[in-house]
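# A structural walkthrough
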Amino acid sequence: MPPVFPMLTVLSMFYYMCLRRRARTATRGEMNSRRAIESNTRALPINVEIVQYAKEVLDFSSHYGSENSMSYTMWNLAGIPNVYPSSGDFTQTAVFRTYGTWWDHCPSARLPFKRTPATFCSQDYVELAFEEPVYPTAVHILETYHPGAVVRILACSANPYSQNPPAEVRWEVLWSEAPTKVNGPQARQFTPSIKQINFPTNLIRLEVNSSLLDYYTELDAVVLHGVKERPVLSLKASMIDMNDIDEDEDEEKYGCGMDALNKQFSIVALREWPSNGYFDKLPYELIQLILSHLTVPDLCRLAQTCKLLYQHCCDPLQYIHLSLQPYWARINDTSLEHLQSRCTLIQWLNLSWTGNRGAISVSGFSRFLKVCGSELVRLELSCGHFLNETCLEVITEMCPNLQELNLSSCDKIPPQAFNHIAKVGSLKRLVLYRTKVEQTALLSILNFCSELQHLSLGSCVMIEDYDLIASMMGAKCKKLRSLDLWRCKNITENGIAELASGCQLLEELDLGWCPTLQSSTGCFTNLARKLPNLQKLFLTANRSVCDTDIEELAANCTHLRQLDILGTRMVSPASLRKLLESCKDLSLLDVSFCSQIDNRVVLELNANFPNVFIKKSFTQ
């Protein structure tokens, strides 16, 4: 036997011994990794990937569509694609209510809350349920028009189809990114790189920011890829990208989950307070000013450094304006309880998106307002599905100075509960978009809240006679500056006449998708002549708008900044030129689906009036 063969035998035995030793000392993770690699070569893999479309849309903050149809509604996200891979404006897609920054530059715009973390930029959301809980491996979002709005994807530990709700609901961010401008409105499949999580999920939440979009974004479907068994963390997934170290990871590092955040809220003393350094040399007001730039979690962390800064961080003056919306996934009854002593002087409070799935109880919310409601001027409660009649009663009793109340998409509040709002006679702003407010309650509100300046009744489908409502507004709400009647189904020229005669300070009026208004009755001419201060007018999807109406607007509403006449067949290029020449401040003009305004006309108008954004939607 040649001498090489004994050498090979020795090497083989040595290699075998190394493998045995490695097998005895390997960690569980290493063994699982090896099994996972081996499983990829087998004919029947152990962990088969499941691909599923959304079964159901559970919740959302807004949509372009109506509550009584499927066109442009969030419910179109359930099931297989309706449109993709086609591009364009299609009614079978899901569309949010706003785009761009146009709603931030109109009379009804609200002032932003300070101290909002730079990493939180979400404006809208939609939550989707899937059939099977899986460990997500990929999420595909089919965007069919003006993509680029999605800024965050989250997964929830709660199974919406389980009969036994969990004691604690966890949300994990799968992916997040600042808004980015996407070139072109064409369809795309958006597949961001998501992180692995340690629980299975069949509840996915998309959060969007449409501020950089040129027009409404349209989503067709969402596809969830995942496996039933928890996958082994790959080397690639375990590597840290420095660009991914954002506030979410920072919060995890410092223990700012729900329990840890509540512990920070509740800290009373440290065992040994460090020295104050040189901070006690600074004036009290200067330290307060410096701390006013910190977010709420940062205040909690700073409070643990020394006694002096703890006193500053717990000073009620730091909580005059408080937005908890960025932390919606971690706010619960305990959070509110710990914040009570710090919020005794609070004037602006944002609890939008918080408290759902049992996180905030009626009793917890009531206790907080009983301690902290006396100075409240502004209260944002958008999408607060824990709210009921008791909550509204507590608001009206505990907040005597309230001037702004936002109940947008609080669709769980029963109709009779809205009667309590009439007790807040100081109200100047009331948002009831997508609520179940009924006619009797609304008439009572209008009768007693004569200081109203901004009122949103968009998609309030339970109001039977909008003419009566408009008549009451004209009689009682003389200070009204903005009114949203989006998708109001039964207002006629009679209601418009009462409204225009009584509310002559109106600067903003949304009559989009109001099918009972007909230009032939003179209603739009009447508006133009009696409301010379109009800056924003939406007549979306009213096919009867004609040249006469446009010319009346040109002659009487010279301060007009935004006009939407999408869908009309009766407006010619000549009348639009008159409008653009007369209304020097006009910045937005939507002529989508206007049959007489083709792309050639739009190009010509754009060339002659470069300061006006002329929107012309298309269908492939």
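Residues numbered from 1 in each chain as written. Predicted model: local features only at pLDDT ≥ 70, side-chain atom pairs only at ≥ 80, totals over all residues. Heavy atoms only, no water.

On to the overall build of the protein chain. Counting secondary structure elements, the protein chain contains 18 helices and 21 strands. Out of the 620 residues belonging to the protein chain, those deemed buried represent 51%. Restricting the contact set of the protein chain to residue pairs at least 6 apart, pairs at least 24 apart contribute 80%. Element-wise, carbon and sulfur atoms account for 54% of the exposed surface of the protein chain, whose accessible area totals about 28,300 Å². (Helix = DSSP H or I, 4+ residues; strand = E, 2+ residues; numbered from the N terminus. Buried < 20%, exposed > 50% of the residue type's maximum accessible area, 1.4 Å probe, protein only. Contact = heavy atoms within 4.5 Å. Areas by Shrake-Rupley, 256 points an atom, 1.4 Å probe, with all protein chains shown as cover.)

Reading across from one edge, S10-S11-S12-S13-S14-S15-S16-S17-S18-S19-S20-S21 is the order of the 12 strands in this open sheet, with parallel pairing throughout. In the strand order of this sheet, the two ends are held by strand S10 (321-323) and strand S21 (613-615), each with one partner. Recorded for the sheet is a direction-independent mean angle of 5° between the axes of neighbouring strands. Pairing of strand S19 (residues 562-564) with strand S20 (residues 588-590), which is carried by 3 bridges, proceeds in the parallel orientation. Bridging across to S20, Leu563 finds its partner in Leu589. (Pairing = 2+ DSSP bridges. Axes fitted to C-alpha atoms, helices over the stretch in contact; angles between N-to-C directions.)

Interhelical geometry of helix H15 (residues 523-530) versus helix H16 (residues 547-556) gives an angle of 5° and a closest axis separation of 8 Å. One way to sum up the angle between H15 and H16 is to call them roughly parallel. When H15 is examined against H16, the residues Phe524, Thr525, Ala528 and Arg529 are found in contact with a partner set consisting of Thr548, Asp549, Glu552, Leu553 and Asn556. (Parallel < 35°, antiparallel > 145°, perpendicular 65-115°, else oblique.)

This part takes up the confidence of the model for the protein chain. Mean pLDDT over the protein chain stands at 89; residues scoring 70 or higher make up 85%. This stretch, residues 13-44, has a pLDDT under 50; its non-local contacts, to residues over four places away or in other chains, come to 6 contacts. Here residues 235-257 is a poorly scored stretch, pLDDT under 50, and it has 29 contacts once near neighbours within four places are set aside; other chains count. (pLDDT = per-residue confidence, 0-100.)

Orientation of helix H13 (residues 466-476) relative to helix H14 (residues 493-502), taken along the N-to-C sense of each, is 10°, at an axis distance of 7 Å. The angle between the axes of H13 and H14 places the two elements in the roughly parallel class. Of H14, the residues touching H13 (which contributes Asp467, Ala470, Ser471, Met473 and Gly474) are Asn494, Gly495, Glu498, Leu499 and Gly502. Grouping the amino acids of the contact of H13 with H14 by side-chain chemistry returns 3 nonpolar, 5 polar and 2 charged. (Nonpolar A, V, L, I, M, F, W, Y, C, P; charged D, E, K, R; others polar.)

On to the nonpolar core, then. By size, the foremost hydrophobic cluster in this structure holds 114 residues, and its most contacted members are Leu407 and Leu579. Among the elements that line this core, the one with the most residues is helix H12 (residues 439-448), at 5 residues. Residues contacting Leu407, with those up to four places away along its chain left out, are Leu381, Leu387, Leu392, Ile413, Phe418, Ile421, Val431, Leu432, Tyr433 and Thr435. Formed by 30 residues, the second largest nonpolar core is a distinct cluster that contains Val126, Val134, Trp175 and Leu219. (Core = buried A, V, L, I, M, F, W, Y, C linked by side-chain atoms within 4.5 Å.)

Below, the discussion takes up the pattern of salt bridges. Enumeration over the complete set of coordinates arrives at 25 salt bridges. Its salt-bridge partner being Lys55, residue Glu131 comes within 3.0 Å of it at the nearest N-O pair. Of this pair, Glu131 sits in strand S4 (residues 124-145) while Lys55 sits in the loop between strand S1 (49-53) and strand S2 (56-60), and the two are 76 residues apart along the sequence. Classification of Glu131 as partly exposed rests on a relative accessible area of 45%. Using a relative accessible area of 43% as the deciding quantity, one classes Lys55 as partly exposed. In this structure, Glu551 engages Lys578 in a salt bridge whose closest nitrogen and oxygen atoms are separated by 3.5 Å. With a gap of 27 residues between them, Glu551 in helix H16 and Lys578 in helix H17 (residues 573-582) connect regions that are remote in the sequence. One continuous salt-bridge network, built from bridges that share partners, spans Arg110, Arg378, Glu380, Glu404 and Arg429. (Salt bridge = Lys/Arg side-chain N within 4 Å of Asp/Glu carboxyl O.)

What follows covers H16. Within H16 the residues assigned to the buried category are Asp549, Ile550, Glu552, Leu553 and Ala554. Taken together, the buried residues of H16 touch H15, strand S18 (536-538), S19 and H17.

Moving on, we come to a nonpolar patch on the surface. Together, Phe279, Leu282, Leu286, Leu289 and Ile290 line one region of the surface with nonpolar side chains, adding up to about 410 Å² of accessible area. Relative to the helices and strands, Leu289 resides in helix H6 (residues 284-291). (Patch = residues over 30% accessible without salt bridge, like charges linked within 9 Å, V, L, I, M, F, W, Y side chains within 5 Å.)

In this structure, Thr492 sits in the loop between strand S16 (482-484) and H14. For the pair Thr492 and Thr516, spaced 24 residues apart in the sequence, the C-alpha separation amounts to 5.8 Å. Ignoring sequence-local partners within four residues, the contact set of Thr492 consists of Asp467, Thr516 and Leu517.

Looking now at the pairing of S4. Burial of S4 is extensive: 18 of the 22 residues sit out of reach of the surface. In terms of strand pairing, S2 meets S4 through 4 bridges, oriented antiparallel. What sits directly across from Asp59, in S4, is Glu127. Where S4 meets strand S8 (residues 201-208), 7 bridges bridge the pair, whose relative direction is antiparallel.

Those residues of H14 lying buried are Gly495, Ile496, Leu499, Ala500 and Gly502. Buried residues belonging to H14 abut H13, S16, strand S17 (508-510) and H15.

Under the counting rule described, the total for this entry stands at 19 aromatic pairs. Ring centres of Phe60 and Trp75 lie 5.7 Å apart, and the angle between their planes is 85°; this geometry places the pair in the edge-to-face category. Of the two residues, Phe60 is situated in strand S2 and Trp75 in the loop between S2 and strand S3 (94-95); the sequence distance between them amounts to 15 residues. Of the residues examined, Phe60 reaches a relative accessible area of 4% and is grouped as buried. Seen from their ring centres, Tyr145 and Phe618 are 5.2 Å apart, and the 85° between their planes marks the pair as edge-to-face. Of this pair, Tyr145 sits in strand S4 while Phe618 is found in the segment after S21, placing the two residues 473 residues apart along the sequence. Residue class for Phe618 comes out partly exposed when judged on its relative accessible area of 31%. Through pairs of rings, three or more aromatic residues link up here, namely Tyr64, Tyr72, Tyr99, Trp103, Tyr145, Tyr215, Tyr216, Trp486, Trp513, Phe538 and Phe618. The residue whose ring lies beneath Arg205 is Trp328, and the NZ or CZ to ring-centre distance is 3.7 Å. Of note, Arg378 hangs over the ring of Trp348, and the distance from its end group to the ring centre comes to 4.6 Å. (Phe/Tyr/Trp six-rings, centres within 6.5 Å; stacked < 30°, edge-to-face > 60°. Lys NZ or Arg CZ within 6 Å of the ring centre and 35° of its normal.)

Moving on to unusual backbone geometry. Residue Pro85 is bonded to the preceding Tyr84 through a cis peptide linkage, with omega at 15°. By the secondary structure assignment, Pro85 is in the loop between S2 and S3. For Trp353, which is not glycine, the phi dihedral falls at a positive 75°. Locating Trp353 in the fold gives a position in the loop between strand S11 (348-350) and helix H10 (362-372). Take Trp353: its relative accessible area is 3%, and that puts it in the buried class. Residues other than glycine seldom take positive phi values, yet Cys383 does so here, at roughly 60°.

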